[in-house]
Amino acid sequence: MANIKFVKENKEAIVADGANLREKMLQNGIDLYKFTGKLMNCGGYGQCGTCIVEIAEGMENLSPRTEVENRKLKKKPENYRLACQTLVNGPVSVISKP
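Residues numbered from 1 in each chain as written. Predicted model: local features only at pLDDT ≥ 70, side-chain atom pairs only at ≥ 80, totals over all residues. Heavy atoms only, no water.

Caption draft 1: Quick look at the overall build of the protein chain. Regarding its fold elements, the protein chain presents three helices and seven strands. Helices and strands in the protein chain line up, N terminus first, as β-β-β-α-α-β-α-β-β-β. For the protein chain, whose C-alpha radius of gyration is 12 Å, the value lies close to the compact-globule estimate of 13 Å for 98 residues. A principal-axis box enclosing the C-alpha atoms of the protein chain has dimensions of 30 × 25 × 20 Å. Counting the 98 residues in the protein chain, one finds 43% classified as buried. Counting only contacts in the protein chain whose residues sit at least 6 apart along the sequence, the fraction spanning at least 24 positions is 59%. On the protein chain, the mean spot of the 15 positive side-chain charges and the mean spot of the 11 negative ones are 9 Å from each other. (Helix = DSSP H or I, 4+ residues; strand = E, 2+ residues; numbered from the N terminus. Rg over C-alpha atoms; globule rule 2.2 N^0.38 Å. Buried < 20%, exposed > 50% of the residue type's maximum accessible area, 1.4 Å probe, protein only. Contact = heavy atoms within 4.5 Å. Lys, Arg positive; Asp, Glu negative; His and termini not counted. Charge placed at Lys NZ, Arg CZ, Asp CG, Glu CD.)

Caption draft 2: Representation of unusual backbone geometry within the structure. In this structure, Asn 10 takes a positive phi of about 55° despite not being glycine. Position of Asn 10 relative to the elements: it lies in the loop between β1 (2-6) and β2 (11-15). Phi at Lys 97 is positive, roughly 45°, even though this residue is not glycine. Considering the arrangement of structural elements, one finds Lys 97 in the segment after β7 (92-96).

Below, the structure written as structure tokens:
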């Protein structure tokens, strides 16, 4: 089991290892998208790049960046991830809408 701490929202969720971060954020009522992302997100396929999150702690407990993330996030810090492409395998702290 993995523990996800949502820093801005002051919430926590316990999820199964390998859980998709985007799905768990939405299931736990975390507002993942900024205005344009709410209107135009791709539904979790990694095409739009609107579900960017910052990982405050626990990068080592996430799946490696995908090729889609490498393209979409090439000018972003290493601790930025696309929630739809990220699998959680241990404790992690997430900052939504960085």
